[in-house]
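Each chain, written out:
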Amino acid sequence: STCWRGMHAMAWAPVKGHMMPVTSVALNRDGSLLASAASDNIMIWDMTCDPPQLHCTLEGHEVQDPDEGREFRLSWSPVSDLIACTCSNDSSLPIWNGRTGH
């Protein structure tokens with residue numbers, strides 16, 4: 001995946017980590033963290049580094065079977081560093097702290 005910077009869509013270096021196609025990305029409220037979701041896992045990237053660096057991988061979310069064609073969707077809270085992700089096999093809506101990964 002390629003990260004894009006700023007209003008003028010300047011490309012950052014590609015970030016590598018997911019083994020499956022990324023289906024959702026979202027920046028936190030101050031733009032310092034980027035969450036990327038794929039059927040293999042959810043990764044949080046530190047966007048203050050150039051190029052962006054892996055901050056943490058979110059654990060404890062039962063991912064969908066990639067052959068089912070379902071996609072993750074994620075969203076940061078507009079007022080905190082909490083992040084929610086949908087499409088778990090157990091129909092839950094996990095919420096993590098994107099700074100700590102817990």
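Relevant structure appears above.
Residues numbered from 1 in each chain as written. Predicted model: local features only at pLDDT ≥ 70, side-chain atom pairs only at ≥ 80, totals over all residues. Heavy atoms only, no water.

Novice: I'd love a proper account of the pattern of salt bridges, names of residues and values included.
Specialist: Applying the stated criterion to the full structure yields three salt bridges. One salt bridge connects Asp 81 with Arg 29, and the closest N-O pair in it is separated by 3.9 Å. Remark: Arg 29 occurs in the loop between strand 3 (22–27) and strand 4 (33–38) and Asp 81 occurs in the loop between strand 7 (73–76) and strand 8 (82–86); sequence separation between them is 52 residues. When its relative accessible area of 15% is taken as the criterion, Asp 81 is described as buried. On the basis of relative accessibility, which here comes to 51%, the residue Arg 29 falls in the exposed class. As a salt-bridge pair, Arg 99 and Asp 81 come within 3.0 Å of each other at their nearest N and O atoms. With Arg 99 in the segment after strand 9 (95–97) and Asp 81 in the loop between strand 7 and strand 8, the pair connects residues that are 18 residues apart, well separated along the chain. (Salt bridge = Lys/Arg side-chain N within 4 Å of Asp/Glu carboxyl O. Helix = DSSP H or I, 4+ residues; strand = E, 2+ residues; numbered from the N terminus. Buried < 20%, exposed > 50% of the residue type's maximum accessible area, 1.4 Å probe, protein only.)

Novice: For the nonpolar core, give the residues involved together with the corresponding values.
Specialist: Judged by nonpolar contacts, the single largest core of 14 residues is most densely connected at Ile 42, Ile 44, Leu 58, Leu 74, Trp 76 and Ile 83. Elements with a contribution of two residues or more to this core: strand 4, strand 5 (42–46), strand 6 (53–58), strand 7 and strand 8. Beyond its immediate sequence surroundings of up to four residues, Trp 76 is in contact with Ala 26, Leu 27, Asn 28, Leu 33, Ala 35, Ile 44, Asp 81, Leu 82, Ile 83 and Gly 98. If you look at the next biggest cluster of nonpolar residues, it comprises five residues, including Val 15, Leu 34, Met 43 and Trp 45. (Core = buried A, V, L, I, M, F, W, Y, C linked by side-chain atoms within 4.5 Å. Contact = heavy atoms within 4.5 Å.)

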